[in-house]
Each structure stands twice: as C-alpha cells, then as structure tokens.
Amino acid sequence: MTKFWPTVAALMWKDILLELRTRDIVISVLAFALLSLVIFNFALGPSPQITPVVAPGVLWVAFTFAGVLGLTRTFVLEKDQGNLVGLLLTPTSREAIYVGKMLGSLFFMLLAEIIILPVFAVLFNISPFRPELLLVILLATIGFASMGTLFSAIAVNTRSREIMLPMLFLPVVVPIIIGAVMASGTALEGGSWSDMVKSIQLIAVFDVLALVFSAFAFEHVLQE
Amino acid sequence: MVEPDGNGSLAIKVRGLTKVYGPQVVLRNLDLELSWGNFLIVFGPNGSGKTTLIKALSTISRPTEGEVSVAGFDLKRNPAAIRRNIGLVTHQPLLYGDLTALENLRFHGKMFGLTNLEERIEKVADLMGVNSFLGRKASILSHGMQKRLSLARAILHDPPILLLDEPETGLDQEALEMLGQMMGAGERGRRTVVMATHSVERGLALGNRLAILSGGKIAFHEDRANIDEAMFKSTYGRFTGVAS
C-alpha cells in the first residue's frame, strides 16, 4: 500500500495544476455565484428591513448552487479522458483517492467563497467578516465537499450527470444548508456563540458522518 | 525477468470467471492459466469479452462469480498487491491532456509511491523514446506519441505483468510497427504479457501463446509453436464466425 498523505497531496496538486491551466471550475463557479448575488440584490432592493432577513439565504443559495456546479466537474475530467481507470489501477487506497479529491473540491469551493464574500458585503451592505460566520462557512463547506465528492463520483457514471448530481445530492445536504443558514443569520445579526451552538453542532455532526460514510462508500461507488 | 511480489507459480490463474452486466452475460465460467514469462494473445471479435477479461485481471471490474489470481494474489483479498504487479495499456491513453508528459509520469509514479521516481522516469523515457517530448502537453501529442507515453506510464513501476487491451486502436501504420517492435524486442520473456486484439496478423507475430475468446469462454488456447498461420486463421473463423 502506498503512503496515504503523499498520495493525497499528489492528487490535490494534480487537480490544482489542471485547474490553473483550464480554469474550468473556478471561473464557472464564480460567474454563477456572482450573478446570483447581483440578481438577488436587484430583486430585493437596498431595504435595511429586508436585507438582514434574506441575506443568509441569499449567501447560501449562491454557495450551494455554485458548489454543485463545481462538484459536477470533480470527476468529469477523470472520467472523460479515461483517467479514472488510471487512478483505479494504482495501489493507492480508495480512501486516499477520496480524501485527495475531496480536499481538492474543498480548496476550490473555499477559494470561490473567499472571492464571493467581499462582493456579498458590498452588494448587501453587511460585514460578513465575523469569526462566527467564517467558522460556519468553513464547517458547512467541509460537509458539502465531503458528501459532494461521493455524489459526484456516483453521478459521473450516469447519462445525465449534470442533472443527476443536484437531484441526488441536494436532498442529502438539506440539514447542512438549513444549519448553515440559521447559524449565518445569527452571526450576521451579531448573535453570540451560545446562540449558534446548536446549528454549529448540527453541521459538525453532519461533517463527521459525511466524511466517514463517504470514505467507506467511495470504493463501492467506483467498482464496476 | 521482472521479479513479482507474490509467490504464485502461475502469473495468471482464472477459475470459473463469470461477469454479468444487467441481463448480458459477457464472460461465462471462464478458465485461464498462464505461466510466468509468456506472451498471451487473446483474440476475439468486438463484443466477445476481451476488454471485460482485461478489466477483471486488472482489478477494475469485480467478477460476478469465480476466482481470479494475478501474480499470486487473490483479486478479492488483495487487489492492491495485484495493482502493484500489473501495468495496463488500453485504447485510451489514460493521460491528463493538460499535464505535460513528464507531469503525467511524475503523478503516476507518486500514486505508486515510487522512491526512485526520477531514475525510473529517465529509464522508461529512454526505453520508449519519449525523451524529446517530455515537456509537451499530452493533449497535443500524436496518437503514436501518446501510445508510447502510455506504455511508459504502464511500465514506470516495473510491473512483472503487462495487460494490453487493443493497444493498436487508433494508431497509424508507422506507430503500429513501432509498437510491435517495442513489445517484441523489449518485453518478450522479460514480462508476462496478456494482449487482447482482433488483429490476427499482429497477434500471431507477437505472442507465444494464442487464445480465442468466444461465447464468453476461452474456446481455444495453444502454444504458438504448435500451430501455423493458415490453421489458426481457419480455427479463428470457425470459433468466431469472422473471416480473418
């Protein structure tokens, strides 16, 4: 068996290098997310009464659908060029392949979110740079990428993969999205840690379950 | 000969292999044995199950029934050990088009945890004649160059067993001759090779064992030395219904 972390690092580096050359994921994710924010901004207007109520939902709609768009691409490149077979032929554990792909997706999603947040702040006149909100975003994105990587591997083998991924994946991550919207709302309203603890716990528990389940199920998803 | 990890007396041992995809039985109770150092050609028309057999031997596809042992390792119990002992070349190059040839080899070597990676890259690049285009993206290489790079990738970890699934697909005549030379001169006797093909001429020129896959089974398996070309072509036609 090859060493776990060096192979995870090699997979991540390969995905980052490919993305730097093709810009397939980040550009499409950013374009979608930024357009969503602009449309919501025009639709809802600058009302100080409405904005705090809808802002957490708007933020997570942008993150969620942009994230799904990015996850769709996670295995497409591997599958379309036959490289998934190449990966499966290596003695690397399937868990290492899963973790490598998951960390790659997490990296791109966090990168997109770092760019989206300042735009969100300007458009909705809200300061999102609070430690509570940043923690919620980090935890929810980990859960999203953990489960999304598994579902991306499932969807890539189906004929209508662009449709199948959101259909299969979104119902499963509803708890994480609800938890993230609730905790983000509290954080944006200036709530304390104690007000958010239940939502953060929900997201953290989901993260652990998603990671363990996905790492276990990944091998069975890839096997013919 | 390249030394295998396992202790099996046979390079490949298949017993009662059945593979079913939905309603279709592709391989039906297939038996196959191959000793170390042999070059087996598996002939068969399109859809006869050659690719499915190669997929099963390379651990990509799990058998519906039956036992598969490669390099002395059981497919169900120790697939990772089998992967360390095989190299696979398919009609797809299994290369990342946006990575350079060198980056492709480096990535593949890292996935195998090779400690002498740069040394191995230098060796296989020399052997396969890919030195001159190591810095070029795989996507801009010709089919022939990609195939050479694909072969370099497959033997980078120096596996004792090489599995080739119609490696000639998409190659022009010059590239085909080069592939034949490399597989003949470089690999004969050094590695155990299983090559699936529907090209009877090429198979007869390369292999020292010949098999015909028909009806999901090995219908014919003989030493090359025991048969002449005309007899084999007639046998091939009889089993497959395809004139060669």
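Here, the structure is the one placed above.
**Student:** Would you mind showing me how to read helix α3 (residues 101-111) of chain B here?
**Tutor:** Turning to α3(B), its buried residues are B:Ala101, B:Asn104, B:Leu105, B:Phe107, B:His108, B:Gly109 and B:Met111. Among the structural elements, α1 (4-22) and α5 (83-88) of chain A together with α4 (117-128) and α5 (143-154) of chain B are those in contact with the buried residues of α3(B). B:Gly113 occupies a position one or two residues after α3(B) and carries a positive phi of about 65 degrees.

**Student:** What's the story with empty space enclosed by the protein in this structure? I'm lost.
**Tutor:** Here the idea is plain: a probe the size of a water molecule rolls over the atoms and shows the empty space left. Under the criterion given, the structure shown has seven cavities of 30 Å³ or more. Taken as a whole, the largest cavity spans an internal volume of roughly 180 Å³. For the largest cavity, the lining is made up of 13 residues, of which A:Glu19, A:Ile25, A:Arg73, A:Thr74 and A:Leu77 are closest to its centre. Of all the secondary-structure elements, those providing two or more residues to the lining of the largest cavity are α1, α2 (24-44), α3 (51-74) and α6 (94-124) of chain A. Residues of the lining of the largest cavity, tallied by class, amount to four nonpolar, four polar and five charged. A volume near 100 Å³ is recorded for the second largest cavity. Forming the boundary of the second largest cavity are A:Asn83, A:Gly86, A:Leu87, A:Thr90, B:Leu94, B:Leu95, B:Tyr96, B:Asn104, B:Phe107, B:His108, B:Met111 and B:Arg153. Every element with two or more residues in the lining of the second largest cavity is listed here: α5 of chain A together with α3 of chain B. Split by residue class, the lining of the second largest cavity holds six nonpolar, five polar and one charged.

**Student:** So what exactly am I meant to see when it comes to the pattern of salt bridges here?
**Tutor:** Should their charged atoms come close, side chains of opposite charge can pair. Summed over all chains, the structure comprises 15 salt bridges over all chains. Notably, a salt bridge pairs A:Glu78 with A:Lys14, separated by 2.4 Å at the nearest N-O pair. Residue A:Glu78 is found in helix α4 (residues 76-80), and its partner A:Lys14 is found in helix α1; the two are separated by 64 residues along the sequence. On the accessibility criterion, A:Lys14 (3% relative accessible area) is buried. In this structure, the salt-bridge partner of B:Lys233 is B:Glu201, at a minimum N-O distance of 3.0 Å. With B:Lys233 in helix α8 (residues 229-240) and B:Glu201 in helix α7 (residues 200-206), this residue pair connects regions lying 32 residues apart in the sequence.

Parameters and conventions
Residues numbered from 1 in each chain as written. Chains lettered and ligands numbered in written order. Predicted model: local features only at pLDDT ≥ 70, side-chain atom pairs only at ≥ 80, totals over all residues. Heavy atoms only, no water. Buried < 20%, exposed > 50% of the residue type's maximum accessible area, 1.4 Å probe, protein only. Helix = DSSP H or I, 4+ residues; strand = E, 2+ residues; numbered from the N terminus. Contact = heavy atoms within 4.5 Å. 1 Å grid on protein atoms, 1.4 Å probe; cavity = no way out; pocket = protein on both sides within 12 Å on 5 of 7 lines; lining within 4 Å. Points joined across faces, edges and corners; volume = space filled by probe spheres on them. Nonpolar A, V, L, I, M, F, W, Y, C, P; charged D, E, K, R; others polar. Salt bridge = Lys/Arg side-chain N within 4 Å of Asp/Glu carboxyl O.

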